[in-house]
Structures are given as C-alpha cells and as structure tokens.
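Take a look at the letters that make up each chain.
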Amino acid sequence: MGRKATNEIKDEPGEPMTARSKMGEAVVSELEVKGIENLTPTEKKHLLLQLSRDKVKDSSAGPWEIVDVFRENWRTIKATLAQPVEIDVRDVGRDALFRVSLDITQLERELETQELK
C-alpha cells in the first residue's frame, strides 16, 4: 500500500499547531516561529506547511522569526476569490530572509471566521 500523499496538520486544543511535509521527513511546530501568534489559523497552517517543505530540502532550516505580514485586497484566481498574503520570514538557522506568498481562499477565510465565533 502506498504512502498517503497529503500534508498533515495537527491542531489540538491547548497544543501548538504542527505541520508535517508530504514526504513525512520534517515536522515544524508553531513554537519554532517567533511572531506566529499574529497570524490567523489558516495563515499559520499554510506557513507551517511551507516551512516543513523547506526543512525537508535543508535540515539546518529554522527556527524562524516573522518580520512582516502584508495582506492585500481580495482578487479572483481562476473562479476562486483569494486574498494574497505575503509573510517576510527570517530563518535564524541559516541567517536568511525570505518571503512566503499565500493565497487564502474565500472559503477558508469564511470557515476560519465561523470557527472563531
């Protein structure tokens, strides 16, 4: 039986959110990202998945520090309404600064808003 090719997110109440890369070789916890508490749950999920993929490519990656977050107006990508979000992140382990670009869909944003009520 083949390995399941999905990203794994664990977000248990009272526990820090973690993300495991599709290859299952790297896990990143929100405790490794300074400033992540200022992101929405959906933004956290997408950022942690990206960082876990980066950690697979280079095991010296992390811990990280969020330098800045840019949220733009909604736009249409194909038939989906999305809000572009760009997050500037400093990789303390590699002493490098990079930008992660996310497109948060309207559906994810609505689900997130309902969860927070």
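Here is a short report on the structure shown in this document. (Residues numbered from 1 in each chain as written. Predicted model: local features only at pLDDT ≥ 70, side-chain atom pairs only at ≥ 80, totals over all residues. Heavy atoms only, no water.)

As a further point, take the side chain of aspartate 91. As for its position among the elements, aspartate 91 is in strand S7 (residues 80–91). On the accessibility criterion, aspartate 91 (0% relative accessible area) is buried. In terms of polar contacts, aspartate 91 uses its side chain to reach the backbone amide nitrogen of glycine 62, at 2.9 Å. Polar side-chain contacts of aspartate 91 include one of 3.4 Å to the side chain of tryptophan 64. (Helix = DSSP H or I, 4+ residues; strand = E, 2+ residues; numbered from the N terminus. Buried < 20%, exposed > 50% of the residue type's maximum accessible area, 1.4 Å probe, protein only. Polar contact = N/O pair within 3.5 Å; in protein donor to acceptor, adjacent residues only side chain to side chain.)

So, on to the pairing of strand S8 (residues 96–105). Looking at chain direction, S7 and S8 are connected through 10 bridges and run antiparallel. Across the sheet, residue aspartate 88 finds its bridge partner in S8, namely arginine 99. (Pairing = 2+ DSSP bridges.)

For the rest of this paragraph, the subject is the nonpolar core. Counting residues in each nonpolar core, the largest one holds 19 residues, and the members touching the most others are Val33, Ile36, Leu47, Leu48, Trp64, Ile66 and Ile87. Ranked by residue count, the leading element in this core is helix H1 (residues 41–57), at four residues. (Core = buried A, V, L, I, M, F, W, Y, C linked by side-chain atoms within 4.5 Å.)

What follows covers the environment of valine 92. Residue position: valine 92 is located in the loop between S7 and S8. Judged by relative accessible area, which is 47%, valine 92 ranks as partly exposed.

The next thing to look at is unusual backbone geometry. Note the cis peptide between glycine 62 and proline 63, where omega equals -5°. With respect to the secondary-structure elements, proline 63 resides in the loop between H1 and strand S5 (64–71). In this model, aspartate 95 sits at a positive phi of 50°, which is unusual for a non-glycine residue. Residue position: aspartate 95 is located in the loop between S7 and S8. Residue aspartate 95 is classed as exposed on the basis of its relative accessible area, which comes to 65%.

So, on to the pattern of salt bridges. In the structure shown here, the tally under the stated rule is eight salt bridges. Here lysine 55 and glutamate 32 are joined by a salt bridge, their closest N and O atoms 3.1 Å apart. Remark: glutamate 32 occurs in the loop between strand S3 (27–29) and strand S4 (33–34) and lysine 55 occurs in helix H1; sequence separation between them is 23 residues. A salt bridge links arginine 99 to aspartate 88; its shortest N-O distance comes to 2.6 Å. (Salt bridge = Lys/Arg side-chain N within 4 Å of Asp/Glu carboxyl O.)

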